Amino acid sequence: MPLLIACLSVSLSVILFTRPTECRSNIMKTDFIQAMFEEYDSSLSPNFESNESTKVNMSLYVNSIDSISEQSMDFTINAFIEQEWCDPRLIFYGMIMDEYFELDSKFMVRVWVPDLYFTNEKRANFHVVTVPNKMLHLYNNGCIKYRLRVSLTASCPMNLQKYPMDSQRCSLYLQSFAYTRKTIDFVWKSVKPVVASKTMELPQFTLVNVNTRNSCDENIGGPDFTCIQVDFNLKRNTGFYMIQIYIPTIMIVLLSWVSFWLSIDAVPARISLGILTVLTMTTQKGAAISSLPRVSYVKAIDVWMAVCLAFVFAALLEFAIVNVMQRRQQKFADPSSFVNSSNKPEEEKQNPNNRRFSSGKRDAQRVDNVSRVVFPAIFFAFCIIYAVVYMV
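Residues numbered from 1 in each chain as written. Predicted model: local features only at pLDDT ≥ 70, side-chain atom pairs only at ≥ 80, totals over all residues. Heavy atoms only, no water.

## Some words on the confidence of the model for the protein
Part 1: Of all residues in the protein, 85% have pLDDT values of 70 or greater, and the mean over the chain is 84.
Part 2: Note that residues 1–27 has pLDDT below 50 and, in this model, one contact with residues that lie over four places away or in other chains. (pLDDT = per-residue confidence, 0-100. Contact = heavy atoms within 4.5 Å.)

Here is the structure:
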């Protein structure tokens, strides 16, 4: 009986006091938040009174690298930027049971945040669908975790001398706009400061690796201003260029060599083939460099196109030389040697002019035979040298 009475007493206590306790707890958190920020000044840095630098730990999660443009020399990135720092004015350890508060984006304006900006940024925007993509967690030890999502286009100076077998390094520079190191200091997290999405794919590049540094190649504000840097090392994929540029141009060069197997007397066929390959190569060259900036140095694609154009032009020029060799000997030949040669005496058939004409045609044919071997040998030797110089 006493045991039953004790159980009933405990049950009644739970029923009577659980709900009021929850209500009081909710009221306490609301009142506590309002009271904590009543005297808080978000325009002053956390260590304004102590003159100590506020250390801000940075990390970056890359959702995607949307585009890399050689024409404008920039790249577009979509990423989550996370900043962590401690504000002694917001310590509430032991004052309330909660470990941290999740604050709404409308409430974030009441909290001091670092004045982060991207030095090499061209265009940028925050994501606000369906709500502003921002998050702020306030922990009981006064530390703050601030995360936001941003899409930005940043400049990326490129060296295109090995294009399209090149590798590029695109960097982001993160810096404080107004505060020096006396007030704020940006540093990368020690563990996984930059993480790229596993589903991220680039159409023309492969992300080789990502490097972070707690200093910048170029610090606009000078050494007094904090600046950190992240480098995206990218390797260009050559599959597209092999299919669209290299293989078609090789086939055009091979097509120009068909004229070496045609008869010397097939003038229309050899002239048409030579002009067609030259014009096609010129069009191909224009299409290949149309998307590139007008830089003053020579690129790998320029070397390839120039040599291919030189080969098809040399094939056309070879026929002109062969034709001239034949006509120059024909001019001295006896025209009557072409008519009723079977009715002429044997001594007329042995006329030196006729022999000269035959010798001229044989010389022209010999040039064609040599071209069949020399042209492919030189071209394939160039291909090997080109691959060694630009692809290694």
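## Some words on the packing of aromatic side chains
Part 1: Summed over the entire model, instances satisfying the criterion amount to 28 aromatic pairs.
Part 2: Relative to Y241, the ring of F240 lies with its centre 5.3 Å away and its plane at 85°, an arrangement referred to as edge-to-face.
Part 3: Judged by relative accessible area, which is 4%, Y241 ranks as buried.
Part 4: Here W257 and F379 contribute two aromatic rings whose centre-to-centre distance is 5.7 Å and whose plane-to-plane angle is 80°, an arrangement assigned as edge-to-face. Taken together, the residues W257 in the loop between α2 (239–256) and α3 (267–289) and F379 in helix α6 (residues 352–391) connect sequence positions 122 residues apart.
Part 5: By way of ring pairs, the aromatic residues Y246, W257, F260, W304, F311, F375, F379, F380, F382, Y386 and Y390 are connected into one cluster.
Part 6: Taking NZ or CZ as reference, K134 lies 5.0 Å from the ring centre of F126, over its face. (Phe/Tyr/Trp six-rings, centres within 6.5 Å; stacked < 30°, edge-to-face > 60°. Buried < 20%, exposed > 50% of the residue type's maximum accessible area, 1.4 Å probe, protein only. Helix = DSSP H or I, 4+ residues; strand = E, 2+ residues; numbered from the N terminus. Lys NZ or Arg CZ within 6 Å of the ring centre and 35° of its normal.)

## Observations concerning the side chain of S259
Part 1: Note that S259 resides in the loop between α2 and α3.
Part 2: Only 3.1 Å separates the side chain of S259 from the backbone oxygen of S256, close enough to count as a polar contact.
Part 3: Setting aside anything within four residues of it in sequence, one finds S259 in contact with R270, L273 and A315. (Polar contact = N/O pair within 3.5 Å; in protein donor to acceptor, adjacent residues only side chain to side chain.)

## Let's talk about the packing of α2 against α3
To characterise two packed helices, one gives the angle between the axes of the helices and the distance between these axes.
Part 1: Across the interface, α2 lies against α3 with an axial gap of 9 Å and an inter-helix angle of 165°. Between α2 and α3, the interaxial angle falls into the category roughly antiparallel. α3 is crossed by α2, and the crossing has left-handed handedness. In this structure, α2 contributes Q244, I245, P248, T249, I252, V253, L255 and S256 to the contact, and α3 contributes L273, T277, T280, M281, Q284 and A288.
Part 2: The residue inventory of the contact of α2 with α3, partitioned by class, reads eight nonpolar, six polar and no charged. (Axes fitted to C-alpha atoms, helices over the stretch in contact; angles between N-to-C directions. Parallel < 35°, antiparallel > 145°, perpendicular 65-115°, else oblique. Left-handed = near helix turned anticlockwise from the far one by under 90°. Nonpolar A, V, L, I, M, F, W, Y, C, P; charged D, E, K, R; others polar.)

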